[in-house]
Amino acid sequence: VALFSSRSKSMVLGELSRLSRPCSPQDQEKPLKAGWLKRQRSIMKNWQLRWFVLRSEALYFYKDQDESKAQGCIPLQGSQVNEVSAHQDEPGRHLFEIVPGGAGEKDRSNTGHESFLLMANSQSDMEEWVRAIRRAIWAPLGGGVFGQHLQAIMSYESQCGPQRVVPVLVEMCASFIREQGLKEEGLFRAPGQTNHVRELQDVFDRGKIPVFDSSTDVHTVASLLKLYIRELPEPIIPFSKYTQFLSCAQLLSKDKETVQFSFELFSSYCFNVFLDMNMSFG
């Protein structure tokens, strides 16, 4: 019995040594995401169901939703998150891993750190967790643009580059579509290449800028732009500007004589929405 107890204690200590200490989340910070996940223990390789809370600095886990003290946390700075294919003998598992220290698949063996393996309830839930964690990792470095408020994006980009009136992603997509897609049938209706859209999203979320060239599918770029707008936490016309937007729309519908003037006024208004953001948060 003594031998078993000693061994169990060493196994627990080994398990805890993989987790960051102390695990004290900032109570004033609103969680980025929360939900149930299963985590694989490093020693026993069994699965534990835990309540996970994602914050900007770490992914915390609790025994249940009502606990205020975290059992542990997975640090995110310099880490990488990847989807993991389920083993052929165990299909239907929706797995992803967090690799510490920015180690990728090729050089993981050189880091001396094991990855943290997690399992979601469904494919869509797993994809949401992966996107949310990637945003948390890359947002401080200028990435994680999908799902971020326009104000935050404009504020960061104004500090790290030339003054703009729209985010880099929007400017790049709009310019490419204007040059390559105005005569394309089904623009913004026909879907792009799903895998390529996801690849481009990952590039932007990592704080990098992809290259659009003659081989880039215009429908893919249009789908990327639609995805970006769809994931904005607030509509592209902010709630605070809704009344002004509605007034412009009503002017457009009055009569033909005011259409040209109203259209110019509406265009000027939309331009100023982005300009106000840039000036206020830059």
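Heads up: the structure comes first, above all this text.
Here the structure is a predicted model, which means the values were calculated and not measured.

Overview of the overall build of the chain
- What the chain contains, in helices and strands, is eight helices and seven strands.
- Here the chain holds 282 residues, and the buried ones make up 39% of them.
- Put simply, of all contacts in the chain between residues at least 6 apart along the chain, 58% involve residues at least 24 apart.
- Surface summary for the chain: the accessible area is close to 16800 Å², and the carbon and sulfur share equals 53%.

Some thoughts on the sheet that holds strand β3 (residues 58–62)
- Taken in spatial order, the seven strands of this open sheet run β4-β3-β2-β1-β7-β6-β5, and their pairing is antiparallel. At either margin of the open sheet sits one strand with a lone partner, and together these are β4 (72–75) and β5 (80–84). Across the sheet, the mean angle from the axis of one strand to that of its neighbour is 35°, orientation sign disregarded.
- Across four bridges, the pairing between strand β2 (residues 47–54) and β3 is antiparallel. By the bridge assignment for β3, V53 is matched with Y60.

A look at the nonpolar core
- The biggest cluster of nonpolar side chains holds 24 residues, and the ones touching the most others in it are F146, L169, C173, F204, F212, L224 and Y228.
- Listed by contribution, the elements that provide at least two residues to this core are α3 (150–160), α4 (168–180), α5 (194–205) and α6 (218–230).
- When residues no more than four places from it in sequence are discounted, the contact partners of L224 are F146, C173, V197, L200, Q201, F204 and F212.
- L37, I98, A120 and W129 belong to the second-largest nonpolar core, a separate cluster that totals 20 residues.

Some words on the pairing of β3
- Within β3, five of the five residues are buried, which leaves it mostly tucked inside the rest of the structure.
- Taking every second residue as pointing to the same face, both faces of β3 are buried, with A58, Y60 and Y62 on one and L59 and F61 on the other.
- Connecting β2 to the antiparallel partner β3 that follows it, the hairpin turn spans three residues.
- When β3 meets β4, the two strands line up antiparallel, connected through four bridges. Following the sheet pairing, F61 is matched in β4 by G72.

Structural notes on the pattern of salt bridges
- Applying the stated criterion to the full structure yields seven salt bridges.
- In this structure, E128 engages K33 in a salt bridge whose closest nitrogen and oxygen atoms are separated by 3.5 Å. One end of the pair, E128, is in helix α2 (residues 123–138); the other, K33, is in strand β1 (residues 33–40), and 95 residues separate them in sequence.
- Classification of E128 as partly exposed rests on a relative accessible area of 37%.
- Residue R131 is joined to E231 by a salt bridge in which the shortest nitrogen-to-oxygen separation is 3.9 Å. Note that R131 is positioned in helix α2 and E231 in the loop between α6 and α7 (242–252), a separation of 100 residues in sequence.
- In this structure, a network of salt bridges that share partners links the residues E83, E127 and R198.

A word on unusual backbone geometry
- The phi dihedral of F188 falls on the positive side, at around 70°, and the residue is not glycine.
- With respect to the helices and strands, the residue F188 is situated in the loop between α4 and α5.
- Relative accessible area serves as the criterion here: at 38%, F188 is assigned to the partly exposed category.

Criteria and cut-off values
Residues numbered from 1 in each chain as written. Predicted model: local features only at pLDDT ≥ 70, side-chain atom pairs only at ≥ 80, totals over all residues. Heavy atoms only, no water. Helix = DSSP H or I, 4+ residues; strand = E, 2+ residues; numbered from the N terminus. Buried < 20%, exposed > 50% of the residue type's maximum accessible area, 1.4 Å probe, protein only. Contact = heavy atoms within 4.5 Å. Areas by Shrake-Rupley, 256 points an atom, 1.4 Å probe, with all protein chains shown as cover. Pairing = 2+ DSSP bridges. Axes fitted to C-alpha atoms, helices over the stretch in contact; angles between N-to-C directions. Core = buried A, V, L, I, M, F, W, Y, C linked by side-chain atoms within 4.5 Å. Salt bridge = Lys/Arg side-chain N within 4 Å of Asp/Glu carboxyl O.

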